[in-house]
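# Examination of the molecular architecture
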Amino acid sequence: PEVVSPNVIVMEASTGTVLYDCDSLEAHYPASITKIMTTLIALENSDLNDIVTFSDAAIDNTEGSGIARDYGEQMTMEQCLYAASANECAYAVAEHVGGTIENFVAMMNEKAKELGCQNTHFANPHGLHDENHYTCCYDMALIARAAYQNETFRIIVGTARYTIPPTNKHAEQTDLQNHNEMLYPFQTNKYVYDGCTGGKTGYTNAANSTLVTYAERDGMTLICVVMNTQSPNQW
């Protein structure tokens, strides 16, 4: 089939068989789909009931998508992972799990190597632009496949709406909505896809739009990764 994006892969989840490939080894900036790896590392190396405290750095060193967390705010690891699309949450998770951001990034790169990634180097846990932070569709499919084998990950990634209860810094609850238009009609129902079980969106100026999507139909689960495309072509 013709695709409108320059870099695409479709992989069957249970075997890792590649069903479709379009320049899937070409390196690009991943933006927020980075957080699939961040979440996987966190799930493998922490407890969902852990209390994560937001450091000054988690607030000061992140921009872009966020949920306005405060200095010293505390949330459970589980709440943080549901909110991991927020850059300050991804940062706080990384600090909690790795002790330092540098340690956590080393864990990310070690995991990438272990999974057989061929053209990947992570420099941060959130995907904000960094020249040394890149991956490719093939490698992201490997990472997405490994993450999907984790039941908690499957539940988180397929959740359309989630509420964070009041915290030590926020008296009000925080309502989250999934921005994946194939799973949940966030702004339009034009792209809602029958069988979509979750995924992760991404965008920066340098990365363009990126998207990882999981879909299941007739007992088969597929993973599709799209990188370096102009919105709304990722859908």
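Please refer to the structure higher up on the page.
All residue numbers refer to position in the chain's written sequence, counted from 1. Predicted model: local features are reported for residues with pLDDT of at least 70 only, side-chain atom pairs are reported and counted for 80 or more only, and whole-chain, interface and lining totals are derived from all residues. Side-chain figures throughout are based on the complete set of non-hydrogen atoms in the structure, without hydrogens or water.

### So, the nonpolar core
In plain terms, the rule: In plain words, nonpolar cores are sets of buried Ala, Val, Leu, Ile, Met, Phe, Trp, Tyr and Cys residues tied together by side-chain atoms within 4.5 Å. Only protein chains enter the accessibility calculation, which uses a 1.4 Å probe; a residue whose area is less than 20% of its type maximum is buried, one above 50% is exposed, and one in between is partly exposed. Only DSSP runs of H or I with at least four residues qualify as helices, and only runs of E with at least two residues qualify as strands; both kinds are numbered from the N terminus onward. Residues count as neighbours in contact if any of their non-hydrogen atoms are within 4.5 Å of one another.
Residues Ile36, Phe54, Phe153, Val212, Tyr214 and Val225 are the most contacted members of the largest nonpolar core, which totals 55 residues. A total of nine residues in this core trace back to one element, the largest contributor, which is helix α6 (residues 137-148). In contact with Phe153, other than residues within four places in its own chain, are Ile36, Thr39, Leu43, Ala147, Tyr148 and Tyr214.

### Concerning the environment of Leu25
Mapping Leu25 onto the fold places it in the loop between β2 (18-22) and α1 (35-45). On the basis of relative accessibility, which here comes to 43%, the residue Leu25 falls in the partly exposed class. Between the alpha carbons of Leu25 and Thr159 there is a distance of 30 Å; along the sequence they are 134 residues apart. Leaving out residues up to four positions away in the same chain, Leu25 has contacts with Gln118, Asn119, Cys136 and Tyr138.

### A few points about the side chain of Thr204
For clarity, the cut-off: Counting of polar contacts relies on pairs of N or O atoms within 3.5 Å, with two restrictions inside protein: one atom must be capable of donating a hydrogen and the other of accepting it, and residues adjacent in sequence are counted only when both atoms are side-chain atoms.
Within the fold, Thr204 resides in strand β7 (residues 196-204). Among the polar contacts made by the side chain of Thr204, one reaches the main-chain amide nitrogen of Ala207 at a distance of 2.9 Å. Residues contacting Thr204, with those up to four places away along its chain left out, are Ala31 and Gly127.

### Comments concerning unusual backbone geometry
Residues Ser231 and Pro232 are joined by a peptide bond in cis, for which omega reads 5°. Relative to the assigned elements, Pro232 resides in the segment after β9 (220-229). With a phi close to 55°, Ala68 is a non-glycine residue in the positive phi region. Examined against the element boundaries, Ala68 turns out to sit in the loop between α2 (56-60) and β4 (74-76). The exposure class of Ala68 is exposed, given its relative accessible area of 58%. With phi around 50°, Asp218 is a residue other than glycine that occupies positive phi space. Structurally, Asp218 can be placed in the loop between β8 (208-217) and β9.

### Some points on the packing of α1 against helix α5 (residues 101-114)
Which entries qualify depends on this criterion: Throughout, an axis means a line fitted to C-alpha atoms (over the contacting stretch in the case of helices), and angles, computed between N-to-C directions, take values from 0 to 180 degrees. Oblique is the label for any angle not under 35 degrees, not over 145, and not in the 65 to 115 range, which are roughly parallel, roughly antiparallel and roughly perpendicular in turn. Asp, Glu, Lys and Arg are counted as charged, while Ala, Val, Leu, Ile, Met, Phe, Trp, Tyr, Cys and Pro are counted as nonpolar; the rest, among them Gly, fall into the polar class.
Where α1 contacts α5, the two axes come as close as 10 Å, and the packing angle between them is 100°. In terms of orientation, α1 lies roughly perpendicular with respect to α5. In contact with Met37, Thr38, Leu40, Ile41, Glu44 and Asn45 of α1, α5 contributes Phe104, Met107, Met108, Lys111 and Ala112. Residue classes in the contact of α1 with α5 are distributed as seven nonpolar, two polar and two charged.

### Overview of the packing of aromatic side chains
Test applied: Only centres within 6.5 Å qualify two rings of Phe, Tyr or Trp (six-membered ring in Trp) as a pair; their planes then separate them into stacked at under 30 degrees, edge-to-face at over 60, and tilted for everything else. We call a charge positioned above a ring when the Lys NZ or Arg CZ atom is no farther than 6 Å from the ring centre and deviates by at most 35 degrees from the ring normal.
Taken as a whole, this structure holds four aromatic pairs when the rule is applied. Ring geometry for Tyr82 versus Tyr162: centroids 3.9 Å apart, planes at 0°, classification stacked. Pair noted here: Tyr82 is in helix α3 (residues 77-82) and Tyr162 is in strand β5 (residues 161-164), with a separation of 80 residues, a long-range link. Each member of the pair, Tyr82 as well as Tyr162, carries the same accessibility label: buried. A ring pair is formed by Tyr148 and Tyr214, whose centres lie 4.2 Å apart and whose planes are at 15°; its orientation type is stacked. Taken together, the residues span a long stretch of sequence, with Tyr148 in helix α6 and Tyr214 in strand β8 at a distance of 66 residues. Residue classification places Tyr148 among the buried positions, given a relative accessible area of 10%. Since its relative accessible area comes to 0%, Tyr214 is described here as buried. Here the aromatic residues Tyr148, Phe153 and Tyr214 are joined through ring pairs into a cluster of three or more. Its end group placed over the ring of Tyr148, Arg154 keeps NZ or CZ at 6.0 Å from the ring centre.

### Structural notes on the layout of surface pockets
Rolled over the atoms, a probe with the dimensions of a water molecule shows which regions are left empty. Under the convention used in this document: With a 1 Å grid laid over protein atoms only, a set of points is called a cavity when a 1.4 Å probe fits there but cannot get out and a pocket when it is open yet has protein on both sides within 12 Å along at least five of seven lines; lining residues have an atom within 4 Å of a point. Grid points are joined across faces, edges and corners, and a volume is the space filled by probe spheres set on the points.
In this structure, the largest pocket spans a volume of roughly 1000 Å³. Along its surface, the largest pocket is lined by 46 residues, and Ser65, Ser85, His179, Lys200 and Thr201 are the ones closest to its centre. Ranked by the residues each element gives to the lining of the largest pocket, the list is headed by β7, at six residues. Tallied by class, residues from the lining of the largest pocket come to 18 nonpolar, 24 polar and four charged. By volume, the second largest pocket is sized at about 440 Å³. If you trace the second largest pocket, you find 21 residues lining it, with Val10, Met182, Tyr193, Leu222 and Cys224 closest to the centre. With five residues, β8 is the single largest residue contributor to the lining of the second largest pocket. Across the lining of the second largest pocket, the residue classes break down as 14 nonpolar, four polar and three charged.

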